[in-house]
Amino acid sequence: MMSHLQQTLSSTTKILHIVIAIGMMSLLAIGIYMTEFEAFALYDLHKSFGAILLILALTRVMWRIKEGWPSTIGNMSKVQHMAAKTIHWILIISTILYPVSGLMMSIGGGHGLAIFDLEIVTATMDAAGEAIPVNGFIGDLGYNIHGFIKYFVIGAIVVHVIGALKHHVIDKDETIKRMFSVK
Ligand code: HEM
Ligand code: HEM
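Rules behind the numbers
Residues numbered from 1 in each chain as written. Chains lettered and ligands numbered in written order. Predicted model: local features only at pLDDT ≥ 70, side-chain atom pairs only at ≥ 80, totals over all residues. Heavy atoms only, no water. Axes fitted to C-alpha atoms, helices over the stretch in contact; angles between N-to-C directions. Helix = DSSP H or I, 4+ residues; strand = E, 2+ residues; numbered from the N terminus. Parallel < 35°, antiparallel > 145°, perpendicular 65-115°, else oblique. Left-handed = near helix turned anticlockwise from the far one by under 90°. Contact = heavy atoms within 4.5 Å. Nonpolar A, V, L, I, M, F, W, Y, C, P; charged D, E, K, R; others polar. Expected span 1.5 Å × (residues − 1). Buried < 20%, exposed > 50% of the residue type's maximum accessible area, 1.4 Å probe, protein only. Arc of directions from axis to C-beta. Near = heavy atom within 4 Å. Polar contact = N/O pair within 3.5 Å; in protein donor to acceptor, adjacent residues only side chain to side chain.

S.K.: Explanation requested: the packing of helix H3 (residues 78-108) against helix H5 (residues 150-169) in the structure shown.
M.R.: Geometrically, a packed helix pair is captured by the angle between its two axes and the distance between the axes. Two elements in contact, H3 and H5, have axes separated by 10 Å at closest approach and are oriented at 135 degrees. By the angle between their axes, H3 is oblique relative to H5. Between H3 and H5 lies a crossing whose hand is left-handed. Touching Gln80, Ile87, His88, Ile90, Leu91, Ser94 and Tyr98 of H3 are Lys150, Phe152, Val153, Ala156, Ile157, Val159, His160 and Lys166, all from H5. Considered class by class, the residues forming the contact of H3 with H5 number 9 nonpolar, 4 polar and 2 charged.

S.K.: Could you clarify how one ought to interpret the packing of helix H1 (residues 11-36) against H5 in this entry?
M.R.: Contact geometry for H1 and H5: axes closest at 12 Å, N-to-C directions at 135 degrees. With respect to their mutual orientation, H1 and H5 come out oblique. At the point where H1 passes H5, the crossing takes the left-handed sense. Residues His17, Met25, Leu28 and Ile32 of H1 touch H5, and the partners they reach there are Lys150, Val153, Ile154, Ile157 and His160. For the contact of H1 with H5, the residue count by class is 6 nonpolar, 2 polar and 1 charged.

S.K.: Even after reading the chapter, I still don't get helix H4 (residues 136-148), so can you show me in this structure?
M.R.: Side chains that are three or four residues apart share a direction in an α-helix, a result of its 3.6 residues per turn. The terminal C-alpha atoms of H4 lie 18 Å apart, and with 13 residues this matches the ideal 18 Å at 1.5 Å per residue to within 8%. Residues of H4 that are buried: Gly139, Gly142 and His146. For H4, the angular spread of the buried residues around the axis is 65 degrees, confining them to a single face. Turned more than 90 degrees away from the buried face of H4 sit Phe137, Asp140 and Phe148, all of them exposed. Its buried side turned inward, H4 meets helix H2 (43-67), H3 and H5.

S.K.: I'm lost on the site of ligand 1 in this one. Help?
M.R.: Near ligand 1 lie 22 residues; those nearest to it are His17, Arg60, Arg64, His160 and Arg178. Between ligand 1 and His17 there is a distance of 2.8 Å, counted from a nitrogen atom to a side-chain nitrogen or oxygen. Going through the elements one at a time, H1, H2, H3, H5 and helix H6 (175-180) are the ones with two or more residues in the shell around ligand 1. Considered class by class, the residues forming the shell around ligand 1 number 13 nonpolar, 6 polar and 3 charged.

S.K.: What should I look at first to understand the site of ligand 2 in this one?
M.R.: Near ligand 2 lie 22 residues; those nearest to it are Gly31, Tyr43, His46, His146 and Lys150. At a separation of 2.9 Å, an oxygen atom of ligand 2 approaches a polar side-chain atom of Tyr43. Within the side chain of Lys150, one N or O atom sits 2.7 Å away from an oxygen atom of ligand 2. For the shell around ligand 2, the secondary structure elements donating two or more residues are H1, H2, H3 and H4. In terms of residue count, H1 provides more of the shell around ligand 2 than any other element does, 7 residues in total. A breakdown of the residues in the shell around ligand 2 according to their chemical character gives 14 nonpolar, 6 polar and 2 charged.

Structure below.
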């Protein structure tokens, strides 16, 4: 039996979910690719889109505080419900922690911040063009967080997507339709 609570989600919830989901998955892929293959040309693109994603993620956090989490549909055990909620928390926190740690690494490390060509924080360079850290501690902390949470966040996304598909394929409830419907 389906509950009749909240059969539709607000367009704000749906639009922010899909834009941030695509953004996060792309930035994870670009981040791993560019570090693995030393594709330094992609760094500015990664940082620019990452900084923009932070603005969207902060908007979404404020939206969740205002609106609350979507209510559950379908028959879910208490354990399943708690698992889903935990993953939602991990995911939404990661949308803030990733860009914030990126900014800490970049700005703290003296590389500054530019969103495409718009310079927000100037880089500090020595005569040889090497970055001079503004705050080495913040820079290193950002670097470590940014690298450390990778597998954790990818794991959470995998579980989240498998969970969503389970609702659709096995439980045959409206969970996926409700999040992705356009009307
Ligand atoms: C193909 C990829 C994805 C699918 C199919 C998907 C599907 C869904 C569905 C169906 C819901 C609604 C859950 C409910 O009704 O309780 C949901 C919620 C949520 N998803 Fe995803 N998702 C995907 C990717 C992502 C990614 C990459 C993130 C990472 C940031 C994410 C973060 C969230 C969060 C935080 C919620 C809770 C509601 C909200 O804040 O909008 N999702 N997802
Ligand atoms: C918003 C979401 C973001 C995601 C999901 C993300 C994800 C990643 C990932 C997965 C890596 C590869 C790490 C590794 O394999 O060790 C990476 C590297 C990197 N990211 Fe991000 N990132 C984001 C935002 C940012 C922002 C806003 C900045 C800076 C302004 C940034 C700067 C960097 C830099 C400089 C590297 C390369 C680190 C190195 O050379 O080892 N990222 N990112």
